[in-house]
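# Tertiary structure, described
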Amino acid sequence: MKIAVTGGKGGTGKSTISTALALELSKENRLLLVDADVECPDDHIILSTTREKVKDVHALLPRFNQEKCIKCGCCADVCKENAVVMVKDKYPFIVTRQCNGCGACLLVCSSGALSEGRKVIGAIYQGESQLPTRTNKERDKYNLLLIWGEMDVGCETTSLVVNATREYADALASDYDCILIDTAAGTHCNVISAMIGVDLALAVTEPTPLGKHDLELILQLLKIMELPTQIIVNKYDVGNLDLIENASKNNDVSIIQKIPYERDILKKHSRGQPVVHKNIEELANTLVSKLNHEGQEGGLQK
Amino acid sequence: MKTITVLSGKGGAGKSTLAASLSVMLAKDNKIVAVDCDADAPNLALVLGLYEENFDNWESLITGEKIQLSKEKCQSLKFCPKCQGLRKCVEACKYSAITWNQEEELPEINELLCVGCGACELACPTGALTLKKVENGSLGVGKTQYGFPIVSGQLKIGESGSGKVVNELRIRASKIAEDIQADYMILDAAAGIGCPVIASVRGSDYVILVTEPTPAAFWDLKRAIELVDHFNIPCAAVINRWGINRDFTAHLQDYFKTNQIPVLGLIPYDVRFVRALVNLKPAVVYEKNFRPIFKQIMENCLFQMQNIPLY
Ligand code: SF4
Ligand code: SF4
Ligand code: SF4
Ligand code: SF4
């Protein structure tokens, strides 16, 4: 089963909840946690994992051969990113930073002056939790691997890094019972790319007018993507829970779990410790029973 | 006019809280324009007590393009050696937006992933693919009860191009700034360091980095600093919720000192900040006791900015 943890707004607790849930679920399942917030991935900090680069992520970067160029300017015409600078009677110049690697210019250049080069735009990492609070025996009990994408600073085509991370995770999927994906904030292309093909999306929100506003945005997106969705209300006891309950009703998406606001949770988070909380345990149990249920259905179909 | 961008990398570090309170304080003696550059999940107007319906007007933005497939044209080449079997479009799309549908023997486009680059259009030998302009967002201008205008945007759900929407917001905000002869423009950036954030930072005069004393926020902050350095923009920091981890706060302060990043101020951890948000009031309005904190941040900020060249 593939579950995404998302939520529109930043700071509602996606990473806190993803990591806590991952630890909880990994007690009895082989769990792959994917941090798809490639702009600012921090699950590995929260889980104090090792950090091993597994591979670079590349994007296409046109390579220019002056000898073949006839200065026709077609490449500059098709480039939607204005990454090709063309001054009259001069050779075109490609601004690496601006190029999104779409390859349009290559397709249009008839003289073969452009060929396919590449640049590194990020990397995929993996790591295992090294929480100091655990004894070896306890560590053995958990069956958790974290993989995450990290884009290079200044890169604008982050969704390519998300795609590469997702593909890498998919290749490992058969070794795991459950894949949990922690997405970036917002509703843009990165978040969309991260959630492709998941079986369930959990939208994390908090009971404030801002929380409600952003929840409705992400619910709209999930509806367009036709993904089964449930809501997690974080810090449910501060603010006004009615706001979220109304949004839940109006959008016909139920609340799967509520997690209280506790200074202890915040403190743990600030020390870089994952949160253990009975409500997260409950959430994990609910998800596991869903997982088993679906497993059985799969069995029956066979 | 000087443009100040509020940035943090990590979401929820307190960007909007700071941007709102700073704007209110600055607006007392200066003309300012506030811009919410988080087109994905805009909140600054809400924090300033302004609902979408309170805006003067909303207009749609057409800055995006998406590809459209004509099945007939595509099929017409079934026996053409140039494309049939080669699926040029699938190969051309670097964004995995086109997959091959075995049953229909047609390409299938995932509109959510299409960024409108046009590569497939160029690759297709039959002209079966064409780019169409799409409305991908909206732009609104509102007047806050604190006397300054705010420009806010909203990316249409499922559309791409938040960077382009941010550019539009900035163009509009600059026009308004010119009209009212503003002294400052305050940009509240999105979370992360991707294209919408780059669109906010690029061409700013000054960046305020908001962080909190947690290892995760610190990690994200360092990436945000790299971005600011990349564009060579002077910056300063504000440490939010310092009360939750004093040791780590000291660690942050050391880091800023070593890296010669001035710290404009510390904001304590206080549940009243949450209440201010819930009540849709900027912190300095909700709780008078917060004013000295933000006043100091503002004064330090203005002092630091004296020394930067004006473009
Ligand atoms: S690959 Fe695309 S973005 Fe890059 S220069 Fe060519 S057309 Fe422009
Ligand atoms: S399209 Fe090719 S030949 Fe024409 S200007 Fe560009 S690189 Fe030169
Ligand atoms: S326009 Fe670009 S992103 Fe969209 S489908 Fe074609 S190649 Fe892919
Ligand atoms: S390249 Fe054109 S003709 Fe070929 S499969 Fe794609 S749309 Fe059809």
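Counting its secondary structure elements, chain B contains 12 helices and 13 strands. Overall size of chain B, expressed as C-alpha extent along the three principal axes, is 75 × 45 × 40 Å. Taken over 311 residues, chain B has a buried fraction of 59%. Restricting to contacts in chain B with at least 6 residues of sequence separation, those with at least 24 account for 78%. If the 33 positive side-chain charges of chain B are averaged to one point and the 34 negative ones to another, these points end up 2 Å apart.

In terms of regular secondary structure, chain A is built from 11 helices and 11 strands. With respect to the three principal axes, the spread of C-alpha positions in chain A is 70 × 50 × 45 Å. Put simply, 77% of the contacts in chain A that link residues at least 6 apart link residues at least 24 apart. Of the charged side chains in chain A, 34 are positive and 40 negative, and the gap between their average positions amounts to 4 Å.

Turning to the nonpolar core, a few remarks are in order. Ranked by size, the top nonpolar core spans 95 residues in total, and within it Leu7, Leu209 and Phe256 of chain B carry the most contacts. Those residues in contact with leucine 209 of chain B that sit more than four places away from it in its chain are Leu7, Leu221, Ala224, Ile225, Val228, Cys235, Ala236, Ala237 and Val238 of chain B.

So, about unusual backbone geometry. Residues and elements named next belong to chain A. Within the chain, glutamate 226 stands out as a residue other than glycine whose phi angle is a positive 55°. Along the chain, the position of glutamate 226 falls in the loop between helix 8 (209–224) and strand 10 (229–234). With relative accessibility at 69%, the residue glutamate 226 sits in the exposed group. Even without a glycine there, the phi angle at aspartate 252 is positive, about 60°. With respect to the helices and strands, aspartate 252 occurs in the loop between helix 9 (241–251) and strand 11 (255–259). Among the residues examined, aspartate 252 registers a relative accessible area of 72% and is labelled exposed.

This part is about the pairing of strand 1 (residues 2–7) of chain B. For a regular strand, side chains alternate in direction, first toward one face of the sheet and then toward the other. Residues and elements named next belong to chain B. With six of six residues buried, strand 1 lies mostly within the body of the structure. Along strand 1, one buried face is formed by Lys2, Ile4 and Val6 and the opposite face, lined by Thr3, Thr5 and Leu7, is buried too. Bridging between strand 1 and strand 10 (residues 184–188) involves five bridges; their strand directions are parallel. Looking at strand 10, one finds that threonine 5 is bridged to leucine 187.

Below, the discussion takes up a positive patch on the surface. Positive charge collects at one region of the surface, where Arg263, Lys267 and Arg271 of chain A together with Arg246 of chain B lie side by side. For lysine 267 of chain A, a relative accessible area of 33% translates into the label partly exposed.

Once that is clear, we can look at the site of ligand 1. Around ligand 1, the structure places Pro62, Cys79, Glu81, Ala83, Val84, Cys99, Asn100, Gly101, Cys102, Gly103, Ala104 and Cys105 of chain A. Class assignment for the residues of the shell around ligand 1 results in eight nonpolar, three polar and one charged.

All names here are of chain B. The strand order across the open sheet formed by nine strands is 3-8-9-2-10-1-11-12-13, and the pairing between neighbours is mixed. The outermost strands of the open sheet, each flanked by one partner alone, are strand 3 (57–61) and strand 13 (263–266). Going across the sheet, the axis of each strand differs from the next one's by a mean of 20°, ignoring polarity. Sheet topology note: the strand 3/strand 8 (residues 137–143) ladder contains five bridges and is antiparallel. Within the sheet, the bridge partner assigned to asparagine 57 lies in strand 8 and is valine 141. In the packing of helix 8 (residues 215–230) onto the sheet, the strands contacted are strand 1, strand 11 (206–211) and strand 12 (235–239), and the crossing angle to strand 11 comes to about 170°.

Facing 57 residues of chain B, the contacting portion of chain A comprises 62 residues. Each partner contributes to the roughly 5,100 Å² buried at the junction of chain B and chain A, and carbon and sulfur atoms together form 64% of this total. For chain B, the biggest contributors to the area lost against chain A are Tyr95, Ile157 and Trp219 of chain B; these three give 14% of the whole. Linking chain B with chain A are 14 residue pairs in polar contact (both at pLDDT 80 or more).

Further remarks concern the confidence of the model for chain A. Chain-level pLDDT for chain A is 86 on average; 91% of the residues reach the 70-or-more range. For residues 297–302 of chain A, every residue scores under 50 in pLDDT, and the model assigns this stretch zero contacts once sequence neighbours within four places are set aside.

So, about the confidence of the model for chain B. All names here are of chain B. For chain B, the mean per-residue pLDDT works out to 90, and 96% of the residues sit at or above 70. Summarising per-element confidence for chain B, the mean pLDDT is lowest in helix 3 (residues 71–75) (83) and highest in strand 2 (residues 32–36) (97). Predicted complex, confidence summary: ipTM 0.83, pTM 0.86.

In this section: the pattern of salt bridges. For the coordinates displayed, the defined rule picks out 18 salt bridges over all chains. Of the charged contacts in the structure, one is a salt bridge between arginine 30 of chain A and aspartate 177 of chain A, with a shortest N-O distance of 2.8 Å. You can see arginine 30 of chain A sitting in the loop between helix 1 (14–25) and strand 2 (31–35) and its partner aspartate 177 of chain A sitting in the loop between helix 6 (158–172) and strand 8 (178–182), a full 147 residues away along the chain. The closest approach of N and O atoms between glutamate 65 of chain B and lysine 133 of chain B, which form a salt bridge, is 3.9 Å. Taken together, the residues glutamate 65 of chain B in strand 4 (residues 64–69) and lysine 133 of chain B in strand 7 (residues 129–134) connect sequence positions 68 residues apart. Relative accessible area serves as the criterion here: at 62%, lysine 133 of chain B is assigned to the exposed category. Look at the salt bridges and you will find they share partners, linking Arg51 and Glu150 of chain A together with Arg223 of chain B into a network.

How each quantity is defined
- Residues numbered from 1 in each chain as written.
- Chains lettered and ligands numbered in written order.
- Predicted model: local features only at pLDDT ≥ 70, side-chain atom pairs only at ≥ 80, totals over all residues.
- Heavy atoms only, no water.
- Helix = DSSP H or I, 4+ residues; strand = E, 2+ residues; numbered from the N terminus.
- Buried < 20%, exposed > 50% of the residue type's maximum accessible area, 1.4 Å probe, protein only.
- Contact = heavy atoms within 4.5 Å.
- Lys, Arg positive; Asp, Glu negative; His and termini not counted.
- Charge placed at Lys NZ, Arg CZ, Asp CG, Glu CD.
- Core = buried A, V, L, I, M, F, W, Y, C linked by side-chain atoms within 4.5 Å.
- Pairing = 2+ DSSP bridges.
- Patch = residues over 30% accessible without salt bridge, like charges linked within 9 Å, V, L, I, M, F, W, Y side chains within 5 Å.
- Areas by Shrake-Rupley, 256 points an atom, 1.4 Å probe, with all protein chains shown as cover.
- Salt bridge = Lys/Arg side-chain N within 4 Å of Asp/Glu carboxyl O.
- Near = heavy atom within 4 Å.
- Nonpolar A, V, L, I, M, F, W, Y, C, P; charged D, E, K, R; others polar.
- Axes fitted to C-alpha atoms, helices over the stretch in contact; angles between N-to-C directions.
- Buried area = accessible area lost by both parts, 1.4 Å probe.
- Polar contact = N/O pair within 3.5 Å; in protein donor to acceptor, adjacent residues only side chain to side chain.
- pLDDT = per-residue confidence, 0-100.

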